[in-house]
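Listed below, chain by chain, are the residues.
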Amino acid sequence: MAKITFETKLFEINGWTIMHMPKSESEKFPSRGQIMVKGTINSFPFQTAFEPDGNWSHWLHVDKAMQKSAHVKAGDTVKMEVESTKEWPEPTVPGDVQEAVDAPEIKPLWKRITPLARWEWIRWINATESLETRKHRIEASCSKLLKGERRPCCFNRNMCCVPAVSKNGILIDTTQVVK
């Protein structure tokens, strides 16, 4: 796949700095769902997942470390150069999930699935603000792994599932939150 180059403005949504990819550029990716990307933001290299916005495009959480390294903040226009990759690194596993998958009967099953599948399980678990629902999803994940299921089901992989920046599966309209 050829590199995709574009400029876009960073936005802040509920304390998160967001790079919302122009739809015309996102259409060049092979998937509307979560996709692993290698690239640069203002020449700073990164590899991370771009999330679907629920409207057939993608977005990136530009975390504090990336902001510092790329010398950017919400409101800045950035130059992006990205390409999709099939190389999924190991995801950062939240502590409560790690505790569950470290159980002796789950650990070998967790290690047997692909890094992409682990990203999907974590994405599904994280897609709620309710601690009770989160706990249930962790338990359900372990149960499903024990039954031989390799991926979570029952959620639309093309929807935005980060509660802090979305509503009803769609990224909050960045044109309404310009900072």
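Bear in mind that the values here come from a model prediction, so they are computed numbers and not experimental data.

Student: Mind showing me how you'd approach the sheet that holds strand β2 (residues 16-20) here?
Tutor: Strand pairing in a sheet is mediated by backbone hydrogen bonds. Such pairs are either parallel or antiparallel. Spatially, the 6 strands close up into a barrel ordered β1-β2-β5-β4-β3-β6, and their pairing is antiparallel. Averaged over neighbouring strand pairs, the angle between their axes works out to 45° when direction is ignored. Pairing between strand β1 (residues 4-13) and strand β6 (residues 77-84): 6 bridges, direction antiparallel. By the bridge assignment for β6, Thr5 is matched with Glu81.

Student: Which parts of the structure should I look at to understand the side chain of Arg137?
Tutor: Mapping Arg137 onto the fold places it in helix α6 (residues 131-146). Although Arg137 is buried, it makes no salt bridge; Glu129 carries the closest opposite charge, 11 Å away. Once you skip the residues sitting within four places of it in the chain, Arg137 turns out to touch Trp124, Ile125, Ala127 and Thr128.

Student: Even after reading the chapter, I still don't get unusual backbone geometry, so can you show me in this structure?
Tutor: Only a minority of non-glycine residues have a phi that is not negative, and only a minority of peptide bonds are not trans. Phi is positive for Asn14, which is not a glycine, with a value near 50°. Here Asn14 shows up in the loop between β1 and β2. One non-glycine residue, Asn42, adopts positive backbone phi at about 50°. Note on placement: Asn42 falls in the loop between β3 (35-41) and β4 (44-52).

Student: What is the right way to read the packing of helix α5 (residues 115-126) against α6 from this model?
Tutor: When two helices pack together, their arrangement is captured by the angle between the axes and the distance separating the axes. Orientation of α5 relative to α6, taken along the N-to-C sense of each, is 150°, at an axis distance of 8 Å. For the element pair α5 / α6, the angle class is roughly antiparallel. Contact residues: Trp121, Trp124, Ile125 and Asn126 in α5; Arg134, Arg137, Ile138, Ala140, Ser141, Lys144 and Leu145 in α6. Here the residues of the contact of α5 with α6 sort into 6 nonpolar, 2 polar and 3 charged.

Student: How should the environment of Gly54 be read in this particular structure?
Tutor: Mapped onto the elements of the fold, Gly54 is located in the loop between β4 and β5 (58-61). Once residues lying within four places of it in the same chain are set aside, the contact partners of Gly54 are Asn158, Met159, Cys160, Gly169 and Ile170.

Student: Teacher, can you tell me more about the nonpolar core here?
Tutor: A general tendency of soluble globular proteins is for nonpolar side chains to be buried together. If you look at the biggest cluster of nonpolar residues, it comprises 19 residues, and the most contacted ones within it are Met19, Ile41, Phe46, Phe50, Met80 and Val82. Those elements giving two or more residues to this core turn out to be β1, β3, β4, α2 (64-70) and β6. In this view, Val82 contacts Ala2, Lys3, Ile4, Phe6, Met21, Phe29, Val37, Lys38, Gly39, Phe46 and Phe50; residues no more than four positions away in its chain are not counted. Residues Val101, Ile106, Ile122 and Ala140 belong to the second largest nonpolar core, which totals 17 residues.

Student: Would you mind going over α5 with me for this structure?
Tutor: Each turn of an α-helix holds 3.6 residues, which means side chains three or four residues apart point in the same direction. Counted at 1.5 Å a residue, the expected span for α5 with its 12 residues is 16 Å, and the 16 Å between its end C-alpha atoms agrees. Taking burial as the measure, the 12 residues of α5 include 9 buried ones, the bulk of the element.

Student: Sorry, what's going on with the packing of aromatic side chains here?
Tutor: We describe a pair of aromatic rings using the distance from one ring centre to the other and the angle between the two ring planes. Within the structure shown, the criterion is met by 5 aromatic pairs. Where Phe46 meets Phe50, the ring centres are 6.3 Å apart and the plane angle is 15°; that geometry is what we call stacked. A residue is classified by how much of its surface remains accessible, and Phe50, at 0% relative accessible area, is buried. On the basis of an interplanar angle of 70° and a centroid distance of 6.2 Å, the ring pair of Trp121 and Trp124 is categorised as edge-to-face. Taken as a pair, Trp121 and Trp124 lie in helix α5 at a separation of 3 residues, close to a single helical turn.

Student: Looking at this structure, I do not really get the environment of Glu25. What am I missing?
Tutor: Locating Glu25 in the fold gives a position in helix α1 (residues 23-26). In sequence terms Glu25 and Ile4 are 21 residues apart; their C-alpha atoms lie 6.8 Å from each other. The contacts of Glu25, once residues within four sequence positions are left out, are Ile4, Thr5 and Phe6. A polar contact of 2.8 Å, which involves the side chain of Glu25, links it to the side chain of Lys28.

What counts, and where the lines are drawn
The numbering scheme is per chain: residues are counted from 1 as the chain's sequence reads. Restriction of local features to residues with pLDDT of at least 70 applies here, the model being predicted, together with a cutoff of 80 or more for giving and counting side-chain atom pairs; totals for whole chains, interfaces and linings are based on all residues. Side-chain figures throughout are based on the complete set of non-hydrogen atoms in the structure, without hydrogens or water. Each pair of strands is called paired provided DSSP finds at least two bridges between the two strands. The numbering of helices and of strands both runs from the N terminus, where a helix is a DSSP run of H or I of at least 4 residues and a strand a run of E of at least 2. Only the contacting stretch of a helix is used when fitting its axis, a line to C-alpha atoms as for every element, and angles between N-to-C directions run 0 to 180 degrees. Between buried and exposed lies partly exposed: a residue is buried under 20% and exposed over 50% of the maximum accessible area for its type, with that area taken using a 1.4 Å probe on protein chains only. For the purpose of charge, His is not counted, nor are the chain termini; Lys and Arg are scored as positive and Asp and Glu as negative. Any carboxyl oxygen of Asp or Glu that lies within 4 Å of a side-chain nitrogen of Lys or Arg is treated as forming a salt bridge with it. Residues are treated as being in contact if the distance between any of their heavy atoms lies within 4.5 Å. Convention used here: angles under 35 degrees read as roughly parallel, angles over 145 as roughly antiparallel, angles from 65 to 115 as roughly perpendicular, and any remaining angle as oblique. Basically, the charged four are Asp, Glu, Lys and Arg, the nonpolar ten are Ala, Val, Leu, Ile, Met, Phe, Trp, Tyr, Cys and Pro, and anything else, Gly included, counts as polar. Residues belong to one nonpolar core when they are buried, are Ala, Val, Leu, Ile, Met, Phe, Trp, Tyr or Cys, and are joined through side-chain atoms within 4.5 Å. Helix span, as expected, comes to 1.5 Å for every residue beyond the first. Pairing of aromatic side chains here covers Phe, Tyr and the six-membered ring of Trp, requires ring centres within 6.5 Å, and sorts the geometry by plane angle: under 30 degrees stacked, over 60 edge-to-face, intermediate tilted. We define a polar contact as two N or O atoms separated by no more than 3.5 Å, with the added condition that, inside protein, one atom must be a possible hydrogen donor and the other a possible acceptor, whereas residues neighbouring each other in sequence contribute only through side-chain atom pairs.

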